[in-house]
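Breakdown of the fold
Residues per chain, in single letters:
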Amino acid sequence: MNSRELSLVATATLVGAFASAIALRFFHRSQTHPSKSKTNPSQNGTVSSSTDPFDPSKRKEYLSWDDYFMAIAFLSAERSKDPNRQVGACLVSQDGIILGIGYNGFPRGCSDDKLPWAKKSKTGNPLDTKYPYVCHAEVNAILNTNHASAAGQVRKHQPAMSEIHLKYDEH
Ligand SMILES: Nc1ccn([C@H]2C[C@H](O)[C@@H](COP(=O)(O)O)O2)c(=O)n1
């Protein structure tokens, strides 16, 4: 195993551990505070709490910003059609505004069913693999941004990505 493969395995392990930590945290919270995290079946996605209606203090068990953005990235990864690796990305400005989200997949307009998802080609032709076609989750997050809001942010904080962004701007 070369150093690139080693670092990929290490990254995948870290991401897996982080996902498990978030899942465990949600699970633990719903076990320890069953009355505070009831999903109301009549309102999809809403959570109701039974607290003292006269208590003026704010709720304490709310999600941190990091967990919130990471959870959005993990949810986005679930949309990926890649059978080997599902990656999600959530692009956030320095002041905590979501600029774009994405997952690894073929470019818009290219059929998920017609292009290959293989990692290796039986004939040795790289065009029979996914690699020439698939867009990384981070790139899709940039391509999915609202350009007006992303313009300054991407250039300022992600020099490597800004090149891609600028190229995309030109088209
Ligand atoms: N930063 C990254 C790295 C990889 N991806 C995607 C691109 C492919 O769909 C997949 C890698 O496939 P593998 O070689 O592990 O079979 O992960 C990405 O979106 N962002």
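Heads up: the structure comes first, above all this text.
Rules behind the numbers
Residues numbered from 1 in each chain as written. Predicted model: local features only at pLDDT ≥ 70, side-chain atom pairs only at ≥ 80, totals over all residues. Heavy atoms only, no water. Core = buried A, V, L, I, M, F, W, Y, C linked by side-chain atoms within 4.5 Å. Buried < 20%, exposed > 50% of the residue type's maximum accessible area, 1.4 Å probe, protein only. Helix = DSSP H or I, 4+ residues; strand = E, 2+ residues; numbered from the N terminus. Contact = heavy atoms within 4.5 Å. Pairing = 2+ DSSP bridges. Near = heavy atom within 4 Å. Polar contact = N/O pair within 3.5 Å; in protein donor to acceptor, adjacent residues only side chain to side chain. Areas by Shrake-Rupley, 256 points an atom, 1.4 Å probe, with all protein chains shown as cover. Nonpolar A, V, L, I, M, F, W, Y, C, P; charged D, E, K, R; others polar.

1. Notes on the nonpolar core
Counting six residues, the largest nonpolar core consists of Ala89, Leu91, Leu99, Ala137, Ala141 and Ile142. Mapped onto this core, the elements with two or more residues apiece are β3 (88–92) and α3 (137–143). Per element, the largest residue contribution to this core is three residues, and it comes from α3. In contact with Ala141, not counting residues within four places along its chain, are Ala89, Leu91, Gly100, Ile101 and Gly102.

2. Regarding the pairing of strand β4 (residues 98–103)
The side chains of a regular strand alternate, residue by residue, between the two faces of the sheet. Inspection of the sheet shows β3 paired to β4 by five bridges, in the antiparallel sense. By the bridge assignment, Cys90 is partnered in β4 with Ile101. Taking the residues between adjacent antiparallel strands as the criterion, β3 and β4 are bridged by five residues, where Gly96 takes a positive phi near 80°.

3. Observations concerning the site of the ligand
In the region of the ligand, the neighbouring residues are Asp82, Asn84, Arg85, Val87, Asn104, Lys119, Lys130, Tyr131, Val134, His136, Ala137 and Glu138. One of the side-chain N or O atoms of Glu138 is found 2.6 Å from a nitrogen atom in the ligand. Burial of the ligand by the surrounding chains reaches 82%, relative to a free accessible area of 460 Å². In terms of residue class, the shell around the ligand is built from four nonpolar, three polar and five charged.

4. Brief notes about the side chain of Ser80
Counting through the fold element by element, Ser80 comes out in the loop between α2 (65–77) and β3. For Ser80, a relative accessible area of 11% translates into the label buried. Polar contacts involving the side chain of Ser80 include one to the side chain of Asn104, which spans 2.9 Å. When near neighbours in sequence (up to four residues on either side) are disregarded, Ser80 contacts Arg85, Gln86, Tyr103 and Asn104.

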